[in-house]
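Architecture at a glance
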Amino acid sequence: MEVQIISKQNVRPSSPTPPHLRNFKLSLLDQLIPVPYAPLLLYYPMNDNSGASNLDVPKRLGVLKKSLSETLTHFYPLAGKIKDELSIDCNDEGAYYVEAQVNCHLSEFLRQPDLLLGHQFFPCELLPKAVTHVANFQVNVFECGGVAIGICISHRILDGAALSTFLKAWSATARGSKEAIIYPEFISSSLFPANDLRLRDSAAPQRAQAASLGVKCPTRVEVVSSFLWKCFMAASEEWRGSQRRPSLLTHLVNLRRKMEPKLGENSMGNFLWLAAAKCMNKSRVELNDLVGEVRKAISKIDADFVEQIKGDEGNSLAEQTLKEIGEFGSKDGVDYLGFSSWCRFGFYDADFGWGKPVWISSFAASGSLTMNLIILADTRCDGIEAFVTLDEKDMTILEGNPELLKFASLNPSPLDIDKSVQCT
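Quick summary incoming for the structure in this document. The shown structure was predicted, so the numbers you read here are calculated from the model rather than taken from an experiment.

1. Topic: the overall build of the protein chain
Secondary structure assignment for the protein chain yields 13 helices and 16 strands. Carbon and sulfur atoms make up 50% of the accessible area of the protein chain, which totals about 19100 Å².

2. Focus: the sheet that holds strand β12 (residues 272–279)
Pairing within the open sheet is mixed, and its 5 strands lie in the order β12-β10-β13-β15-β16. Two strands bound the open sheet, and with one partner strand each, they are β12 and β16 (384–389). Across the sheet, the mean angle from the axis of one strand to that of its neighbour is 20°, orientation sign disregarded. Sheet topology note: the strand β10 (residues 247–254)/strand β13 (residues 335–341) ladder contains 5 bridges and is parallel. Residue pairing in the sheet places S247 in a bridge with D335 of β13.

3. Side note on the sheet that holds strand β14 (residues 359–361)
A sheet is described by the order of its strands in space; here 6 strands give the open sequence β1-β6-β7-β8-β3-β14, paired in mixed fashion. Two strands bound the open sheet, and with one partner strand each, they are β1 (3–11) and β14. When strand polarity is set aside, the average angle formed by the axes of neighbouring strands in this sheet is 15°. Note: strand β7 (residues 135–142) against strand β8 (residues 147–153), 7 bridges, orientation antiparallel. Across the sheet, residue A135 finds its bridge partner in β8, namely I153. Contacting β1, β6 (95–102), β7 and β8, helix α1 (residues 57–74) crosses the sheet at an angle of about 165° to β6. Against the sheet, helix α3 (residues 160–175) touches β3 (40–44), β7 and β8, its axis set at about 135° to β8.

4. Focus: the nonpolar core
Ranked by internal contacts, the top residues of the largest apolar core, which has 74 residues, are Y43, L78, F137, I153, W170 and F352. Considering each element in turn, this core owes the most residues, 8 residues, to α3. Excluding its chain neighbours within four sequence positions, the residues that come into contact with L78 are L72, A95, V134, A135, I153, I157, L158 and F166. Counting residues in each nonpolar core, the second largest holds 50 residues, with L29, C279, A318 and V334 among its members.

5. A few points about the packing of aromatic side chains
Scanning the entire structure with this criterion turns up 23 aromatic pairs. Judged by centre distance (6.4 Å) and plane angle (85°), the rings of F75 and F186 are edge-to-face. Note that F75 is positioned in the loop between α1 and β4 (81–84) and F186 in strand β9 (residues 185–186), a separation of 111 residues in sequence. Judged on exposure class, the residue F75 and its partner F186 are both buried. Taking the centre distance of 5.2 Å and the plane angle of 70° together, the rings of F137 and W170 count as edge-to-face. In this pair, F137 sits in strand β7 while W170 sits in helix α3, placing the two residues 33 residues apart along the sequence. Residue F137 shares its accessibility class with W170, and that shared class is buried. Here the aromatic cluster, defined as three or more aromatic residues joined through ring pairs, consists of F24, Y44, F75, Y76, F137, F166, W170, F186, F352 and W354. The positively charged end of K278 is found above the aromatic ring belonging to F328, 4.4 Å away from the centroid.

6. Looking at the pattern of salt bridges
Counted by the stated rule, this structure contains 13 salt bridges. With its nearest N and O atoms 3.7 Å apart, the salt bridge here joins K65 to E99. Note that K65 is positioned in helix α1 and E99 in strand β6, a separation of 34 residues in sequence. In this structure K65 comes out as partly exposed when scored by relative accessible area, which is 25%.

Parameters at a glance
- Residues numbered from 1 in each chain as written.
- Predicted model: local features only at pLDDT ≥ 70, side-chain atom pairs only at ≥ 80, totals over all residues.
- Heavy atoms only, no water.
- Helix = DSSP H or I, 4+ residues; strand = E, 2+ residues; numbered from the N terminus.
- Areas by Shrake-Rupley, 256 points an atom, 1.4 Å probe, with all protein chains shown as cover.
- Pairing = 2+ DSSP bridges.
- Axes fitted to C-alpha atoms, helices over the stretch in contact; angles between N-to-C directions.
- Contact = heavy atoms within 4.5 Å.
- Core = buried A, V, L, I, M, F, W, Y, C linked by side-chain atoms within 4.5 Å.
- Buried < 20%, exposed > 50% of the residue type's maximum accessible area, 1.4 Å probe, protein only.
- Phe/Tyr/Trp six-rings, centres within 6.5 Å; stacked < 30°, edge-to-face > 60°.
- Lys NZ or Arg CZ within 6 Å of the ring centre and 35° of its normal.
- Salt bridge = Lys/Arg side-chain N within 4 Å of Asp/Glu carboxyl O.

See the structure below:
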């Protein structure tokens, strides 16, 4: 598979940003994010199901570019440049925008997708030494007319929920849906002001069975996270040939749902905090025990906790909390596994006028910032997909775990997940 770049340009907002909005301040919580991007790929087949078959590829590309320009007017920080660690210069320089041609059919790639090859669909390096453009997009056109949209927006300004809001706005604008106009609220820095970089330095080293056994009404994310944690600990124990080691699980928690009053879904920024669950070196670990630990950890991130980190001592409390997590996780003989959930973000609803995506995916990359990281995402058919990055030895043993294979399919084709989608 070859991806040939056809054009590169900056897409500017359709209207200029007012002078008083030129300097955009990042928040205290924005410093929590150790990775530059949370890259997202959306795959769209060329088929007749959308009723938009009269739109040829050039027209579709024109709609994407024009609607992006209009959307950036409201999401103005995305059209700026990163000024320093605490601010963005909203200079309307524009989002970096690439169009590319792929020399195969979309179905060929989706039949057995290789995410290590999928990095070619993105407009920039996924783990760059420095980030300049806040927003970067690459529209990849396959020989069949199918499209894959690669999105890299600085994680310093958007979390997964905020990215979902942006996608809803962009796709609604592309469809010409005036009823679905979204007005984002950039309020993160006013709620969690940042005065220095101490939190960033503290965060840098980080990155129905259960219900019947004691945890009432566990969520899908709680169960899947705990199940994968259990399998990961078993893999670690097997290849190291020693007694089970202490293990740390962290989960990013969306604070919008924890605050009182709750924040609206159009609140932009990083409203995230790390919940940490520990499992010490027990000889036998049951799934319900792990679900209980995960729930207990997440439940500690409540409205009272949010009010504390918003207060005058917020920086110190945040720094101390992250320091404690980091000190435990970095000890010799302690395993670490980090989770981020994209579930219920509605990425599969991003319809630009030619139907919803057949698949959304994360990325594959090696490096300390992504190692032992699992991203959970909805499938089109009420399941959960896990994008797992592990050490090669851990991964090999994990993939052969009989308990995992009993409940999960390894590397399934998106075309098999939803048979109703035709991808020519």
